[in-house]
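Okay, here's what each chain looks like letter by letter:
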Amino acid sequence: MEKGKRKASRDPSGPIFGIACDIRSVRVRRAIRGVLAAVRRHPRDWARLRRRVRAFRLLGSGNASTLGQWIEDPEHVRHLVTQTEGDPRLWARQYSEEYLASGWIELSRRAARFSLPRLVALIAHECGHAVTRAGEFEKREGRGGDSEWASELCADRHAFRWGFERETRANARHRSFAHHAVLPGEMIWLKGVAFTVDRHFYLRRRPAADRPATDAERAGVVDVVEVRPKASP
Ligand SMILES: [Zn+2]
């Protein structure tokens, strides 16, 4: 249990571990505090999270299907791109500006009604996006060739590292199709091409399990993916 809780952390709209939070829901704030306490045990991740996340805030009501998201400040990304272009010493970071810019973690009002473990899973996942580095994303994108999957794999990997495997696995069945969730030990088919996810969150080809792509997959109208739970030993 958390020791030495300070009075300031009980402020219903005050910062949590120094990160601004204008969400007043006690349950949401409790979940954020729990996740941040875990990230703090990983100093590099914590430093990165502090650098990037300006605030936790409510998601605009126009986005009904999204429960939570990490969103970079487009102005900051543009500023970094301009800086990079103008200074040859910064060219090494070219194209990774979106992994350096600061932004916000936004949570829907609906999320406040979730159980605490589900909220924790959601928040840990979004913090995972915020902490993801360009290099780890590119390595995973290179293997599976799909940027959306690579990005979700990276976010979930961090959530696992911080100790939220149980919550993440329990929450996976609630995640929408668009918000891809595939976890270590599971198998997916991308246009009929089979992959499993290893414990380092890399997609690994499983040619023996390939199957013909469906018409919808071939047409590229929908991204049809199946997730098969890990076979019991
Ligand atoms: Zn995500």
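Quick note: structure is the one above.
All values reported here derive from a predicted model rather than from experimental measurement. (Residues numbered from 1 in each chain as written. Predicted model: local features only at pLDDT ≥ 70, side-chain atom pairs only at ≥ 80, totals over all residues.)

Describing the sheet that holds strand β3 (residues 68–72)
- Judged by pairing direction, the sheet is mixed, and its 4 strands sit side by side in the order β1-β2-β4-β3 without closing on themselves. Strands at the two margins of the open sheet, each flanked by one partner only, are β1 (20–21) and β3.
- Two elements, strand β2 (residues 53–58) and strand β4 (residues 103–107), share 5 bridges in a ladder whose sense is parallel. Its bridge partner being in β4, F56 is matched across the sheet by I105.
- Those strands touched by helix α4 (residues 116–131) are β2, β3 and β4, and its axis lies near 20° from that of β3. (Pairing = 2+ DSSP bridges. Helix = DSSP H or I, 4+ residues; strand = E, 2+ residues; numbered from the N terminus. Contact = placed C-beta atoms within 7 Å. Axes fitted to C-alpha atoms, helices over the stretch in contact; angles between N-to-C directions.)

Side note on unusual backbone geometry
- Backbone geometry at F17 places phi at a positive 50°, although glycine is not the residue there.
- Relative to the helices and strands, F17 resides in the segment before β1.

Here we look at the packing of helix α1 (residues 26–39) against α4
- The geometry of α1 relative to α4 is characterised by a closest axis approach of 9 Å and an angle of 50° between their N-to-C directions. As summarised for this structure, α1 and α4 are arranged oblique, according to the angle between their axes. In the crossing of α1 with α4, the sense of the turn from one axis to the other is right-handed. Residues R27, V28, R30, A31, I32, G34, V35 and V39 of α1 lie in contact with α4, whose contacting residues are L116, L119, V120, I123, A124 and C127.
- Among the residues making up the contact of α1 with α4, the classes are represented as 11 nonpolar, 1 polar and 2 charged. (Parallel < 35°, antiparallel > 145°, perpendicular 65-115°, else oblique. Left-handed = near helix turned anticlockwise from the far one by under 90°. Nonpolar A, V, L, I, M, F, W, Y, C, P; charged D, E, K, R; others polar.)

What about the sheet that holds strand β5 (residues 187–190)?
- Strand order across the open sheet formed by 3 strands is β5-β6-β7, with antiparallel pairing between neighbours. Looking at strand neighbours, the two that pair on one side only are β5 and β7 (203–205), the edges of this open sheet. Strand-to-strand, the axes of this sheet are offset by a mean angle of 40°, without reference to chain direction.
- Sheet topology places strand β6 (residues 193–197) next to β7; 3 bridges connect them, and they run antiparallel. Residue T196 lies in a different strand from β7, and its bridge partner there is R204.

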